[in-house]
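Here is what each chain is made of, one letter per residue.
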Amino acid sequence: MLLWINGPFGGGKTQTAHEIRRRLPGSVVCDPEQPGFGLHRMLPPELRGDFQDLKAWRQGVVEVLDLTLTRREGVVIAPMTVIDPGYFAETVGRLRELGHDVRHFTLLAERETVLRRLRERGLGHLAGGTLRRESWAVERLDDCLERLAEPEFAEHLWTDHSTVPKTADRIAVLAGLTLRPNREGRLRTRLRQAAVGVRHIRL
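1. So, the overall build of the protein chain
- The helix and strand tally for the protein chain stands at nine helices and five strands.
- Secondary structure elements of the protein chain, listed N to C terminal, follow the sequence β-α-β-α-α-β-α-β-α-α-α-β-α-α.
- Counting across all 203 residues of the protein chain, residues that qualify as buried make up 47%.
- As presented, the protein chain carries roughly 11,000 Å² of accessible surface, and 53% of it is formed by carbon and sulfur atoms.

Here it is in structure tokens:
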């Protein structure tokens, strides 16, 4: 099974993916952003746009996820924002055409909630400003929220008043999965989530 966790930038996709992996034995996170940033680094700066516009990214993500789902036991989790219906068909839709059990979830929240999470994410707020990637995310936030609210991007989960562990629980129930109980204390959870955030900072 593939859990594709969609949502706006700063919507909690990565944190939720790693929460599920922590509590679901045998699961693995396969982050489609990684090949995207690799393709960016191959290009000269003046040619770096949205890596999702590159056919190589869309085909590569399908190939890698297809390989992982075919040759490995356990649930695969892919946290990735995709708002273009055509690109969605070429990735999530294509994986379904290949016969994989793909469960798609979109994490949504009110605009102010997402803006607050973006300000708190990573080290941007500690530096007294906003990281370039967070600025890019803010510029696209309204478009993301509008597009992702469309029926084709269901299942929709609103997360304004939900913690990451609770959101992970909701996804598991909808996907028919059983997570280990969350016995972490609040402080340990915050420290672990901060570590996940630092590992995923992109300058």
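2. Focus on helix H7 (residues 141–148)
- Considered for burial, the residues of H7 that qualify are Leu 141, Cys 144, Leu 145 and Leu 148. Seen end-on, H7 carries its buried residues on one side only, within an arc spanning 95°.

3. Some details on the pairing of strand S1 (residues 2–6)
- Extensive coverage of S1 is indicated by the burial of five of its five residues.
- A two-sided burial pattern is seen for S1, the buried positions comprising Leu 2, Trp 4 and Asn 6 on one face and Leu 3 and Ile 5 on the other.
- As judged from the four bridges shared by S1 and strand S3 (residues 76–79), these two strands associate in the parallel manner. The residue of S3 that forms the bridge with Ile 5 is Pro 79.
- Inspection of the sheet shows S1 paired to strand S4 (residues 102–108) by five bridges, in the parallel sense. Residue pairing for S4: Asn 6 is matched across the bridge by Thr 106.

4. Brief notes about the nonpolar core
- Core analysis: the largest hydrophobic core is formed by 32 residues, its most contacted members being Leu 2, Trp 4, Leu 65, Val 82 and Leu 95.
- If you list the elements that add at least two residues to this core, you get S1, helix H3 (55–71), S3, helix H4 (85–97), S4, helix H5 (111–120) and H7.
- Among the elements that line this core, the one with the most residues is H3, at five residues.
- Setting aside chain neighbours within four positions, we find Leu 65 in contact with Leu 2, Trp 4, Cys 30, Val 76, Ala 78 and Leu 95.

Parameters at a glance
Residues numbered from 1 in each chain as written. Predicted model: local features only at pLDDT ≥ 70, side-chain atom pairs only at ≥ 80, totals over all residues. Heavy atoms only, no water. Helix = DSSP H or I, 4+ residues; strand = E, 2+ residues; numbered from the N terminus. Buried < 20%, exposed > 50% of the residue type's maximum accessible area, 1.4 Å probe, protein only. Areas by Shrake-Rupley, 256 points an atom, 1.4 Å probe, with all protein chains shown as cover. Arc of directions from axis to C-beta. Pairing = 2+ DSSP bridges. Core = buried A, V, L, I, M, F, W, Y, C linked by side-chain atoms within 4.5 Å. Contact = heavy atoms within 4.5 Å.

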